[in-house]
2 protein chains.
Amino acid sequence: MNVAIAGLGLIGGSFAKAIAARTRHRVTGYDISADVERRALDAGLIDGAGLNTFDGADLTLIALYPGAAAEFMRVNARRFKPGSIVVDMCGVKRYIVKAARGLFGEGVTYIGGHPMAGREYSGFDASRTELFDGASMILTPDETVGPDKLERARNFFLALGFGGVTLTTPDRHDEIIAFTSQMAHIVSSGYAQNPIARNFSGFSAGSFADMTRVAKLDENMWTELFLLNADYLTEQLDILVENLAGFRERIAARDAEGLKSMLRRGREIKEYLMESEK
Amino acid sequence: MNVAIAGLGLIGGSFAKAIAARTRHRVTGYDISADVERRALDAGLIDGAGLNTFDGADLTLIALYPGAAAEFMRVNARRFKPGSIVVDMCGVKRYIVKAARGLFGEGVTYIGGHPMAGREYSGFDASRTELFDGASMILTPDETVGPDKLERARNFFLALGFGGVTLTTPDRHDEIIAFTSQMAHIVSSGYAQNPIARNFSGFSAGSFADMTRVAKLDENMWTELFLLNADYLTEQLDILVENLAGFRERIAARDAEGLKSMLRRGREIKEYLMESEK
């Protein structure tokens, strides 16, 4: 089929590469940077470039920041042909699903999506064929999405290397993602900002490196994502800060038993998660 | 030379394995578990077992939890022969260095130590020849440690695969380790304890996995370490919670510029650290 990708950054570029390497679909792409479009063309990753190539797409992937994705859909809603599917890749789903509502012409199927994959680098140069290997592709289809369209989307993502397709609601997505991804970026960033961080050569532990890995983030994208999910994110932050206060209290009180039992609880949850991931 | 190791768990066992694989030293070991001693003997990692083997050691490594290490040194202080070196491996240094003061006979050199390596598994079965490869070995020698003894210790650790030896004071060690290692374990454990953690199959992100990796910890050891470093640890926790509160405030106020600038600061620090580690 004909696949069109809007935005050839880390996510869109990785889709282009995975499609080129693993499927026989015809792919076209659009990027705000003409240079990126040209390089994707030169590399043989896309067969055509520019907005006009989207008119004939059977499947359109929108891999832009949330605000830009909403704008792109609004401006181009009438380009998408009847029978085609449009999937956005935004990391927040309530906002974008709401923005998409009622935009498209008859016969166009919109599905919210979010590939659970990333890197602490962004842009086309950071994109990789293998980015999605084994990852989960989240989809938030509403009741208007027919089973045939959903099946077509699912098969498309599985063929690219995704380990599975997870169906959920925009609301549930946003609640969970606040915890599994967004807050991890905030904690990483906050952790790196303790003043002592700049001066400890020879003391670096693996735990610190892991803890701060995603502090190397794109602040423009994450600011958008955080503010569009502020309710769930602050809720999770409040719980975490309460947990940390519980630790602090036990440490300050030299409460060995209380501290040990709280650490045990954390270990047991982590072991449960490791077990259930197998 | 003759090396004796007290405690054949993750750290002591890894020392035994690295010594056996990479040096020609004669090694003996003691463990509270006779079964572990026998298995280390059977595997050819140690040439002798039991406390009486420590009398002839030129170098004694004490790889026990802090309280047990202090007790071991107190009970066995008079075993160590003149001219020999004793190094403990405890993750807190003020406590153990203080406990060691004045214990040993004339001519015995004590040096506080802390190998910056670990795994989220413990015990002899988790020990590995390569555990210390490229890691930093921290030593906290006081003014009584002669340069010849320090040089002998340094050469010993480098021969095992350590990437470098870092000299510091017990106080500075404890302050930095509260941040680079101890607090990371608390945050990991606290993060895993948000109620939503138990129910998000299909949403697991790499950032979450990294964030909670060390939640799988040995709560007995870490409780000891945390309580022996309570002052510095609570200080670091207070700063982190303040950082998180700063994020929360900006998110709740939908302050895009303030949020972006705070995320930028975290990114820049992380990039600086990545650059300086090269």
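Values in this document were obtained by computation on a predicted structure and should not be read as measured data.

1. A short note on the sheet that holds strand β7 (residues 136–140) of chain A
Residue and element names in this part refer to chain A.
Then, in step 1: Taken together, the 8 strands give an open sheet; going across it, the order is β3-β2-β1-β4-β5-β6-β7-β8, and neighbouring strands pair in mixed fashion. Of all strands in the sheet, those bounded by a partner on one side alone are β3 (48–49) and β8 (164–167).
Then, in step 2: Strand direction decides the pairing type here: strand β1 (residues 2–6) and strand β2 (residues 26–30), joined by 5 bridges, are parallel. Residue pairing in the sheet places A6 in a bridge with Y30 of β2.

2. So, the pairing of strand β5 (residues 85–88) of chain A
Residues and elements named next belong to chain A.
Then, in step 1: Here β5 shows a buried face lined by I85 and V87 and a second buried face lined by V86 and D88.
Then, in step 2: As paired elements, strand β4 (residues 59–62) and β5 share 4 bridges and run parallel to each other. By the bridge assignment for β5, I62 is matched with D88.
Then, in step 3: A crossover links β4 with its parallel partner β5, the connecting element being helix α3 (residues 66–76), and its sense is right-handed.
Then, in step 4: Of the pairings in the sheet, the one linking β5 to strand β6 (residues 109–115) comprises 4 bridges and is parallel in character. In the sheet register, I85 faces β6, and the bridge partner there is T109.
Then, in step 5: Running through helix α4 (residues 94–100), the crossover from β5 to the neighbouring parallel element β6 is right-handed.

3. Some points on the domain arrangement of chain A
Residues and elements named next belong to chain A.
Then, in step 1: Under the domain assignment used here, chain A contains domain 1 (2–168) and domain 2 (172–277).
Then, in step 2: Distance between the C-alpha centres of domain 1 and domain 2: 31 Å.
Then, in step 3: Opposite the 16 residues of domain 1 that make contact, domain 2 presents 17 residues.
Then, in step 4: When domain 1 packs against domain 2, close to 1,500 Å² is buried across both sides, 59% of that on carbon and sulfur atoms.
Then, in step 5: When the buried surface of domain 1 facing domain 2 is broken down by residue, Y65, R94 and E120 rank first, second and third, together holding 44% of it.
Then, in step 6: Put simply, domain 1 and domain 2 have 2 salt bridges between them.
Then, in step 7: Linking domain 1 with domain 2 are 7 residue pairs in polar contact (both at pLDDT 80 or more), by the criterion used here.
Then, in step 8: Elements with a contribution of two residues or more to the side of domain 1 that touches domain 2: α3, α4 and β7.
Then, in step 9: When the residues that make up the side of domain 1 that touches domain 2 are grouped by side-chain class, the tally is 7 nonpolar, 6 polar and 3 charged.

4. Some words on the packing of helix α9 (residues 230–252) of chain A against helix α6 (residues 170–192) of chain B
Then, in step 1: Axis separation between α9(A) and α6(B) bottoms out at 9 Å; the angle between their running directions is 130°. Classified by the angle their axes make, α9(A) and α6(B) are oblique. Considering how the two elements wind past one another, α9(A) and α6(B) form a crossing that is right-handed. The residues of α6(B) that touch α9(A), namely those facing L240(A), N243(A), L244(A), F247(A) and I251(A), are I186(B), V187(B), S189(B), G190(B) and Y191(B).
Then, in step 2: Broken down by class, the residue content of the contact of α9(A) with α6(B) amounts to 7 nonpolar, 3 polar and no charged.

5. Re helix α10 (residues 256–277) of chain B
Then, in step 1: Spanning 22 residues, α10(B) covers 31 Å between terminal C-alpha atoms, matching the ideal 32 Å at 1.5 Å per step.
Then, in step 2: When α10(B) is considered as a whole, its buried residues turn out to be G258(B), L259(B), K260(B), M262(B), L263(B), G266(B), R267(B), I269(B), K270(B) and L273(B).
Then, in step 3: Along its buried surface, α10(B) packs onto α6 (170–192), α7 (206–212) and α8 (219–227) of chain A together with α9 (230–252) of chain B.

6. As for the nonpolar core
Then, in step 1: Counting residues in hydrophobic clusters, the biggest one holds 78 residues, and the most contacted among them are V187(A), Y191(A), V187(B) and Y191(B).
Then, in step 2: Once you skip the residues sitting within four places of it in the chain, V187(A) turns out to touch M211(A), L240(A), V187(B), Y191(B), M211(B) and L244(B).

7. A word on the interface of chain A and chain B
Then, in step 1: Contacts between chain A and chain B engage 89 residues on the former and 89 residues on the latter.
Then, in step 2: The interface formed by chain A and chain B holds 10 salt bridges in total.
Then, in step 3: With a closest N to O distance of 2.4 Å, R213(B) and D210(A) form a salt bridge.
Then, in step 4: When residues of the side of chain A that touches chain B are traced back to their parent elements, those giving at least two are β7, α6, α7, α8, α9 and α10 (256–277) of chain A.
Then, in step 5: No other element matches α6(A), which puts 18 residues into the side of chain A that touches chain B.
Then, in step 6: Looking at the side of chain A that touches chain B residue by residue, the classes come out as 45 nonpolar, 25 polar and 19 charged.

8. Considerations on the packing of aromatic side chains
All names here are of chain B.
Then, in step 1: One pass over the full model with this rule turns up 28 aromatic pairs over all chains.
Then, in step 2: Ring centres of F15 and F157 lie 6.0 Å apart, and the angle between their planes is 65°; this geometry places the pair in the edge-to-face category. Within this pair, whereas F15 is found in helix α1 (residues 10–22), its partner F157 is found in helix α5 (residues 147–159), the two being separated by 142 residues in sequence. This pair shows no difference in class: F15 is buried, exactly as F157 is.

9. Some remarks on the relation of the copies chain A and chain B
Then, in step 1: With an RMSD of 0.0 Å, the operation that places chain A on chain B is a rotation of 180° combined with a shift of 0.0 Å along the axis. Read as a symmetry element, the transformation amounts to a two-fold axis.
Then, in step 2: Interface residue correspondence from chain A to chain B reaches 100%, placing this contact among same-surface, isologous pairings.

10. Structural notes on the environment of I19(A)
Residue and element names in this part refer to chain A.
Then, in step 1: Position of I19 among the secondary structure elements: in helix α1 (residues 10–22).
Then, in step 2: Residues I19 and L45, 26 residues apart in the sequence, show an inter-C-alpha distance of 8.2 Å.
Then, in step 3: Once residues lying within four places of it in the same chain are set aside, the contact partners of I19 are V3, I5, H25, V27, L61, F156 and L160.

11. Digging into helix α3 (residues 66–76) of chain B
Residues and elements named next belong to chain B.
Then, in step 1: Those residues of α3 not exposed but buried are P66, A69, A70, F72, M73 and N76. The buried side chains of α3 occupy one side of the element, clustering within an arc of 160° when seen end-on. Opposite the buried face of α3, at more than 90 degrees from it, the exposed residues are R74 and V75.
Then, in step 2: The inward-facing, buried residues of α3 contact β1 (2–6), β2 (26–30), β4 (59–62), α4 (94–100), β6 (109–115) and α8 (219–227).

12. Some words on unusual backbone geometry
Then, in step 1: Backbone geometry at R254(A) places phi at a positive 50°, although glycine is not the residue there.
Then, in step 2: Mapped onto the fold, R254(A) is located in the loop between α9 and α10.

13. A word on the packing of α6(A) against α8(A)
Residues and elements named next belong to chain A.
Then, in step 1: The geometry of α6 relative to α8 is characterised by a closest axis approach of 11 Å and an angle of 125° between their N-to-C directions. Relative to α8, the element α6 lies oblique. As for how α6 packs across α8, the hand of that crossing is left-handed. In this structure, α6 contributes S181, Q182, H185 and I186 to the contact, and α8 contributes W222, L225 and F226.
Then, in step 2: Among the residues making up the contact of α6 with α8, the classes are represented as 4 nonpolar, 3 polar and no charged.

About the criteria used
Residues numbered from 1 in each chain as written. Chains lettered and ligands numbered in written order. Predicted model: local features only at pLDDT ≥ 70, side-chain atom pairs only at ≥ 80, totals over all residues. Heavy atoms only, no water. Pairing = 2+ DSSP bridges. Helix = DSSP H or I, 4+ residues; strand = E, 2+ residues; numbered from the N terminus. Buried < 20%, exposed > 50% of the residue type's maximum accessible area, 1.4 Å probe, protein only. Right-handed = clockwise from strand over helix to strand, strands pointing away. Domains from an automatic or database assignment. Contact = heavy atoms within 4.5 Å. Buried area = accessible area lost by both parts, 1.4 Å probe. Salt bridge = Lys/Arg side-chain N within 4 Å of Asp/Glu carboxyl O. Polar contact = N/O pair within 3.5 Å; in protein donor to acceptor, adjacent residues only side chain to side chain. Nonpolar A, V, L, I, M, F, W, Y, C, P; charged D, E, K, R; others polar. Axes fitted to C-alpha atoms, helices over the stretch in contact; angles between N-to-C directions. Parallel < 35°, antiparallel > 145°, perpendicular 65-115°, else oblique. Left-handed = near helix turned anticlockwise from the far one by under 90°. Expected span 1.5 Å × (residues − 1). Core = buried A, V, L, I, M, F, W, Y, C linked by side-chain atoms within 4.5 Å. Phe/Tyr/Trp six-rings, centres within 6.5 Å; stacked < 30°, edge-to-face > 60°. Least-squares fit on C-alpha atoms with pLDDT ≥ 70 in both. Arc of directions from axis to C-beta.

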